[in-house]
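Here is how the chains run, residue by residue.
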Amino acid sequence: MNNSQMGEKILEGLGGPENISHFTHCATRLRVTPKSNSAIDRTKIENIPGVLSIIEQSGQTQVVLGDKVESVYNEMLKLPGMGTVGEGKGEADPNQKKAGVLTRVFDVLSDSFRPILWALLGTSMILTLIVFLQQFGYFGQYTDLTGKMVNIDIVNGPRLADPDAAATMLDEWRATFPFWFILMAASLSVLQFMPIMIGATAAKRLGANMWVGAAIPAALMTGTFQGFNNIAVDGVVNVPFLGLDLPLYVMNYTGQIFPPLFAAALLAPLERFLKKIIPTMLHMVFVPMISVMVLVPLTAFLIGPIGIKFALAISDIIGNVNEVAPWLVGGLIAGLYLFMVPLGLHWPLNAIMINNLQTTGTDFIQSPMGAYNFAVFGLVTGVAIRAKHNRELRQTATGAAVSGLLGGISEPSLYGVVLRYKRVFPLILVPAIIGGATISALGVKSYAFAFTSLISLPAMQPTHLYAIGLAIAFFGAMAGVLVFGYESKPKAGETSAEEKAEQRASAAAPAAAGASAGAAAVAGAATGASAATPWSNDQAEAQAPAAGTVLTLASPLEGQAVALSETPDPIFAAEKLGKGAAIIPSGNTVIAPAAGKVSVTMPSGHAVGLKLDNGIELLIHLGIDTVNLNGEGFDVKVEKGQRVAPGDILMTFDPQVIQNAGYSLVTPILVTNTNRFAEVEGTTGSVQPGSELLKVTTK
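Residues numbered from 1 in each chain as written. Predicted model: local features only at pLDDT ≥ 70, side-chain atom pairs only at ≥ 80, totals over all residues. Heavy atoms only, no water.

A. Quick look at the overall build of the chain. Regarding its fold elements, the chain presents 22 helices and 24 strands. The buried share among the 699 residues of the chain stands at 48%. Relative to all contacts within the chain whose residues are 6 or more apart in sequence, the contacts with residues 24 or more apart total 71%. When the accessible surface of the chain is summed, it comes to about 31,500 Å², and 61% of that surface belongs to carbon and sulfur atoms. (Helix = DSSP H or I, 4+ residues; strand = E, 2+ residues; numbered from the N terminus. Buried < 20%, exposed > 50% of the residue type's maximum accessible area, 1.4 Å probe, protein only. Contact = heavy atoms within 4.5 Å. Areas by Shrake-Rupley, 256 points an atom, 1.4 Å probe, with all protein chains shown as cover.)

B. Structural detail: the packing of helix 7 (residues 194-205) against helix 8 (residues 210-219). Contact pair helix 7 / helix 8: the axes reach a minimum separation of 7 Å and the direction vectors enclose 145°. Where helix 7 crosses over helix 8, the handedness of that crossing is right-handed. Side by side, helix 7 and helix 8 meet where Pro-195, Ile-196, Gly-199, Ala-200, Ala-203 and Lys-204 of the first sit next to Met-210, Gly-213, Ala-214, Pro-217 and Ala-218 of the second. (Axes fitted to C-alpha atoms, helices over the stretch in contact; angles between N-to-C directions. Left-handed = near helix turned anticlockwise from the far one by under 90°.)

C. How the structure looks around the packing of helix 7 against helix 10 (residues 258-277). Where helix 7 contacts helix 10, the two axes come as close as 8 Å, and the packing angle between them is 30°. Here helix 10 runs roughly parallel to helix 7, going by the angle between their axes. Handedness of the crossing formed by helix 7 with helix 10: right-handed. Facing helix 7, whose interface residues are Pro-195, Ile-198, Gly-199, Ala-202 and Ala-203, helix 10 presents Pro-260, Leu-261, Ala-264 and Leu-267. Of the residues belonging to the contact of helix 7 with helix 10, the class tally is eight nonpolar, one polar and no charged. (Parallel < 35°, antiparallel > 145°, perpendicular 65-115°, else oblique. Nonpolar A, V, L, I, M, F, W, Y, C, P; charged D, E, K, R; others polar.)

D. Just the packing of aromatic side chains, in detail. The full count for this structure, using the stated rule, is 16 aromatic pairs. Three or more aromatic residues joined by ring pairs make a cluster, and in this case those are Tyr-138, Phe-139, Phe-177, Phe-179 and Trp-180. (Phe/Tyr/Trp six-rings, centres within 6.5 Å; stacked < 30°, edge-to-face > 60°.)

E. Focus on the pairing of strand 24 (residues 692-698). Counted residue by residue, strand 24 has five buried out of seven residues, so it is predominantly covered. Strand direction decides the pairing type here: strand 11 (residues 550-554) and strand 24, joined by five bridges, are antiparallel. Pairing of Val-550 across the sheet is with Thr-697, part of strand 24. Judged from the five bridges that link them, strand 22 (residues 677-682) and strand 24 form a sheet pairing that is antiparallel. Note that in strand 24 the partner of Gly-682 across the bridge is Leu-694. (Pairing = 2+ DSSP bridges.)

F. Broad picture of the sheet that holds strand 13 (residues 579-585). On the basis of which strands lie adjacent, the open sheet formed by eight strands has the order 19-15-16-17-21-13-12-23 and antiparallel pairing. A strand with exactly one partner marks an edge of an open sheet, and here the two such strands are strand 19 (643-644) and strand 23 (685-687). Note: strand 15 (residues 596-601) against strand 16 (residues 607-612), five bridges, orientation antiparallel. If you follow Val-598 over to strand 16, its bridge partner there is Leu-610.

G. Quick peek at the sheet that holds strand 18 (residues 634-636). A sheet is described by the order of its strands in space; here three strands give the open sequence 14-20-18, paired in antiparallel fashion. What marks the edges here is a single partner per strand, and that holds for strand 14 (589-591) and strand 18. Strand-to-strand, the axes of this sheet are offset by a mean angle of 15°, without reference to chain direction. Inspection of the sheet shows strand 18 paired to strand 20 (residues 649-653) by three bridges, in the antiparallel sense. Residue pairing in the sheet places Phe-634 in a bridge with Phe-653 of strand 20.

H. Representation of the nonpolar core. Counting 96 residues, the largest nonpolar core has Leu-379 and Val-418 as its most contacted members. The greatest single-element share of this core, amounting to eleven residues, is contributed by helix 14 (residues 366-386). Once you skip the residues sitting within four places of it in the chain, Val-418 turns out to touch Leu-338, Val-376, Leu-379, Ser-413, Val-424, Phe-425 and Ile-428. Counting 34 residues, the second largest nonpolar core, distinct from the first, contains Val-608, Val-644, Leu-665 and Val-687. (Core = buried A, V, L, I, M, F, W, Y, C linked by side-chain atoms within 4.5 Å.)

I. Spotlight on the side chain of Gln-461. Relative to the assigned elements, Gln-461 resides in strand 10 (residues 460-461). By relative accessible area, which is 14% here, Gln-461 ends up buried. Contacts of Gln-461, omitting those with residues within four sequence positions, involve Val-131, Gln-135, Gly-443, Val-444, Lys-445 and Tyr-447.

J. Structural detail: the confidence of the model for the chain. Taken residue by residue, the chain gives an average pLDDT of 81. The fraction at 70 or more is 85%. When pLDDT is averaged over each element of the chain, helix 8 comes out on top at 94 and helix 20 (residues 509-531) at the bottom at 34. Counted against residues more than four places away or in other chains, residues 87-96, with its pLDDT under 50, gives 19 contacts. In the predicted structure, residues 493-542 sits below a pLDDT of 50 and forms 29 contacts with residues beyond four places in sequence or in another chain. (pLDDT = per-residue confidence, 0-100.)

K. Just helix 17 (residues 425-441), in detail. Between its first and last C-alpha atoms helix 17 spans 24 Å; for 17 residues at 1.5 Å apiece the expected length is 24 Å, and the two agree. Within helix 17, burial applies to Phe-425, Leu-427, Ile-428, Pro-431, Ala-432, Gly-435, Gly-436, Ala-437, Ile-439 and Ser-440. Two residues or fewer after helix 17 comes Gly-443, characterised by a positive phi angle close to 80°. (Expected span 1.5 Å × (residues − 1).)

L. Structural context of the pattern of salt bridges. Scanning the entire structure with this criterion turns up twelve salt bridges. The partner of Glu-271 in a salt bridge is Lys-275, with the nearest N and O atoms 3.8 Å apart. Here Glu-271 pairs with Lys-275, and both are found in helix 10, just four residues apart, close to one helical turn. A relative accessible area of 5% places Glu-271 in the buried class. The partly exposed category is assigned to Lys-275, whose relative accessible area is 27%. Close ionic contact of Lys-637 with Asp-635 constitutes a salt bridge, the shortest N to O distance being 2.6 Å. Judged by its relative accessible area of 43%, Lys-637 is partly exposed. A network of salt bridges, in which partner residues are shared, links Glu-271, Lys-275 and Glu-632. (Salt bridge = Lys/Arg side-chain N within 4 Å of Asp/Glu carboxyl O.)

In structure tokens, the structure reads:
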């Protein structure tokens, strides 16, 4: 089963695009906020080859796929109806239990980080490479303030007592190693400009304009704002405003995470309020203008300082404990991660890690976390060795161990092995806690944000001490499973019998496979024959016409019909979603071209799907990328499941709103079940509602 087929099966199990309110992914899981949990078929999803697990957590459904998640996610976005998922404000099931406030906060936090994670990990690995080279003296040595000869550290700069001498030496290093300074700039790019990226992703997640969300923290990082440092007294500038003397705390917002998150949380409701009171034709100018005018000063005076203090407070609390008992902090972090990762509660700690790296240059949380990862990797390695007669489990464990040790991804191990055999929990916890406590007690810190793997070892310093803790965790867990096993006693007996049966049947496997393939071919032929007939039995209004019959389909709106290949969108133009035609509308009303049933309506209102009585499944997509308007300018008159007659109004739209926002009005009219027909031809030229647009030839 390829990624596209897997995506189709998962989408079916999730209840289709109409049941998805928000859709994203992290490093290993599809994360879906459904409108109704009752529409999700968990058993169907769990039985799909390649799906490791499905988790329900406080209103969110997580489908665990491992390292193929991004490929499957991208394929799912190409499916009909999925291009607009997560952008609208569709109505949720009123009987659906809402997630708690804390859970929703964690969801927003994690959803804001995930889009950035790819770039963050990539650039951090460049920093890891530079730190690794420094450790081995690649750049040479210099005499520091203690009089010792030490390796040149281009990341942190020279340690000299005289600041002017340090600046001069740093410039000399720039002249000597210009290429590596360019790479260091690349390695710090995401980390330093994190507020702008978080502002964008958080705003998008909360339903606000992502670029306005980015502009707010960007304003506080400009030279204009930072120039207040020149006149600040003890970091404060008094700003006269409406007769008041407001204190402005001039802070460095580079790399900060919480200020843009808090600002985005206020931007979303403010933007919704402004859209209600400002005429639609003025939205594009005055909504962002007023949003920025309100929130940049509010963030500068209040939200920003609160966000920075909040992050520092959390870091200080953990840091103070770490100063007194580092082994305690390391052991707790390594042990708790086993329970935090399945629940998605590790994301707040990730935020603190990144904040520590930006403010102090090092972090003490990420290093003991590696002990948890390596304990898990050691355990699945032991399972792969011990399960020599269980081919399916051995393959799963081997793949999980490899992806973990080389890529630092623990979820395939967690969901493919650990959660299937609860007996192994103590076999992970004990070595993980000991390894984590050892790492922290030895003073190991991280210098870059990276998933824990063999490749990222140099990100933790001192690396050789870090390796000691990882070895304790890895070999301790592996030895535990080799000695004690991974199943309970009764289960182990059952599995042993299954393994013996599997061995006895192995000789007959080729013949069985051939028979199975033959049966599948017959079943496939039957399925294909059924699929080739697009007429639904429950549609009494029409009978399936004979093969070769030409069906004509009327235009659903007024305008100029053009070839689908002229659509300014590569997916539509390449007929990826089906054949048809496109219309440049001159009117503002979309009608039903034939009798049928509404199969899809989008929360954003920009598209309608119809399942016509003549067997044609039609998608009317008003404009290109108009999903980004979030419903502005669209008024849908029908709902899913509603029957329509020829000429019934499906929707009206405001062409001016679409054009003012910079989007194309070209409207693709697609036969989404094109593969069930012999030919689909579109006309060109002027069309009116009711005039011929498509000719569809049956098979």
